[in-house]
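Listed here are the chains, written in short residue letters.
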Amino acid sequence: VICLDISNSMNTKDISKDMSRLDISKRAMIQLVNNLRGERIGICLFANDALVQLPITKDYGAAKLFINDIETDLIAIQGTNIKAALEVSRKMFSEDRTAKGIIMVTDGENHEQNPDKVLKKIRDSKIQLSILGIGTEKGGLVPVNARRPDLGYKKTATGRSVVSKVNPKMIEKIASKAGGK
């Protein structure tokens with residue numbers, strides 16, 4: 001299961017001036033699908049909430065169509081809820097005794113509840129968790145609207161520009177609690 005962060009911070013262009021974190025993530029997901037040979041794949045999207053975008057399947061054509069349609073506005077309430085994302089991803093698996101893995105792609109800005117309980121469930125279920133942190137430690141500005149750059153960038157209540165940075169320490173901490181990478 002690919003578990004993809006679609007919070008507004010994924011619209012930040014700090015890795016490349018031409019592509020957002022989300023664009024780069026989608027490109028990587030397509031490359032992953034192109035390299036699959038019989039494995040099943042599912043997609044979970046998350047921001048403040050999490051949802052199954054694509055149930056686990058071997059239909060790689062459908063997977064690529066779904067990936068191409070991913071945008072940050074697919075989930076109305078923004079934020080980053082790692083706990084909800086991992087819970088939904090974990091529940092996508094069947095009871096079959098097959099190898100299971102979650103690849104989470106996020107900038108690591110967790111704004112919600114502590115995910116420790118679901119991380120223990122993932123570890124106990126022997127689901128391999130790998131987290132790919134996307135973004136730079138310098139960070140970048142978060143656009144108000146990814147499709148309308150002319151609208152400028154998000155600001156705090158005090159008028160300061162919102163800068164989104166990858167959070168490698170949190171990403172490493174979450175992965176290690178689940179016995180992942």
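All of these numbers come straight from a predicted model, not from anything done at the bench.

Procedures and definitions
- Residues numbered from 1 in each chain as written.
- Predicted model: local features only at pLDDT ≥ 70, side-chain atom pairs only at ≥ 80, totals over all residues.
- Heavy atoms only, no water.
- Core = buried A, V, L, I, M, F, W, Y, C linked by side-chain atoms within 4.5 Å.
- Buried < 20%, exposed > 50% of the residue type's maximum accessible area, 1.4 Å probe, protein only.
- Pairing = 2+ DSSP bridges.
- Helix = DSSP H or I, 4+ residues; strand = E, 2+ residues; numbered from the N terminus.
- Salt bridge = Lys/Arg side-chain N within 4 Å of Asp/Glu carboxyl O.
- Axes fitted to C-alpha atoms, helices over the stretch in contact; angles between N-to-C directions.
- Contact = heavy atoms within 4.5 Å.
- Arc of directions from axis to C-beta.
- Parallel < 35°, antiparallel > 145°, perpendicular 65-115°, else oblique.
- Nonpolar A, V, L, I, M, F, W, Y, C, P; charged D, E, K, R; others polar.
- Patch = residues over 30% accessible without salt bridge, like charges linked within 9 Å, V, L, I, M, F, W, Y side chains within 5 Å.
- Areas by Shrake-Rupley, 256 points an atom, 1.4 Å probe, with all protein chains shown as cover.

## Concerning the nonpolar core
Right, on to step 1. Formed by 25 residues in total, the largest nonpolar core has its most connected members in Leu86, Met104, Ile122, Leu129 and Ile174.
Right, on to step 2. Counting residues in hydrophobic clusters, the runner-up holds 21 residues, among them Met10, Val33, Ile67 and Ile134.

## A short note on the pairing of strand S4 (residues 101-106)
Right, on to step 1. Bridge analysis of strand S1 (residues 2-5) against S4 gives three bridges, and the strand direction is parallel. Following the sheet pairing, Cys3 is matched in S4 by Met104.
Right, on to step 2. Of the pairings in the sheet, the one linking S4 to strand S5 (residues 128-133) comprises six bridges and is parallel in character. For Val105, the partnering residue across the bridge sits in S5 and is Leu132.

## Here we look at the pattern of salt bridges
Right, on to step 1. Here the structure, examined in full by the defined rule, presents nine salt bridges.
Right, on to step 2. Ionic pairing is found between Asp14 and Arg21, a salt bridge with its closest N-O pair at 2.7 Å. Arg21 matches Asp14 in its accessibility class, with the two residues each being buried.
Right, on to step 3. Close ionic contact of Lys177 with Asp116 constitutes a salt bridge, the shortest N to O distance being 2.9 Å. Of this pair, Lys177 sits in helix H5 (residues 168-177) while Asp116 sits in helix H4 (residues 116-124); the two residues are 61 residues apart in sequence, bridging distant segments of the chain.
Right, on to step 4. The partly exposed category is assigned to Lys177, whose relative accessible area is 32%.
Right, on to step 5. Here the salt bridges share partners, and the residues they tie into one network are Asp14, Arg21 and Asp107.

## A short note on the sheet that holds S5
Right, on to step 1. Sheet architecture is open: five strands sit in the order S3-S2-S1-S4-S5, paired in mixed fashion. Strands at the two margins of the open sheet, each flanked by one partner only, are strand S3 (50-57) and S5. Ignoring strand direction, the axes of neighbouring strands in this sheet form an average angle of 15 degrees.
Right, on to step 2. Helix H2 (residues 60-68) rests against strand S2 (41-46) and S3 of the sheet, and its axis sits at about 15 degrees to S2.

## Description of H5
Right, on to step 1. Looking at H5, one finds that the buried residues are Met170, Ile171, Ile174 and Ala175. Buried residues in H5, looked at end-on, bunch into an arc of 130 degrees, giving them a common side. Those residues of H5 that are exposed and aimed more than 90 degrees away from the buried face are Lys169 and Glu172.
Right, on to step 2. In this fold, the buried residues of H5 make contact with helix H3 (82-91), S4, H4 and S5.
Right, on to step 3. After H5 finishes, the residue Gly179 shows a positive phi value of roughly 75 degrees.

## Focus: the packing of helix H1 (residues 21-35) against H2
Right, on to step 1. Where H1 meets H2, the closest approach of the two axes is 10 Å, and the angle between their N-to-C directions is 180 degrees. With respect to each other, H1 and H2 are oriented roughly antiparallel. Between H1 and H2, the contacting residues are Lys26, Met29, Ile30, Val33 and Asn34 on the first element and Tyr60, Ala63, Lys64, Ile67 and Asn68 on the second.
Right, on to step 2. Residues belonging to the contact of H1 with H2 are distributed by class as follows: six nonpolar, two polar and two charged.

## Focus: a nonpolar patch on the surface
Right, on to step 1. A cluster of nonpolar residues, Leu141, Tyr153 and Val163, forms a patch on the protein surface that exposes about 250 Å² of accessible area.
Right, on to step 2. Summarising the element assignment, Val163 is placed in strand S7 (residues 163-164).
Right, on to step 3. Under the relative-accessibility criterion, Val163 is labelled partly exposed at 43%.

## Observations concerning the environment of Lys83
Right, on to step 1. Along the polypeptide, Lys83 turns up in helix H3.
Right, on to step 2. Its relative accessible area of 28% is what places Lys83 among the partly exposed residues.
Right, on to step 3. Along the backbone, Lys83 and Thr72 are eleven residues apart, and their C-alpha atoms lie at a distance of 18 Å.
Right, on to step 4. Setting aside anything within four residues of it in sequence, one finds Lys83 in contact with Gln113, Asn114, Pro115 and Val118.

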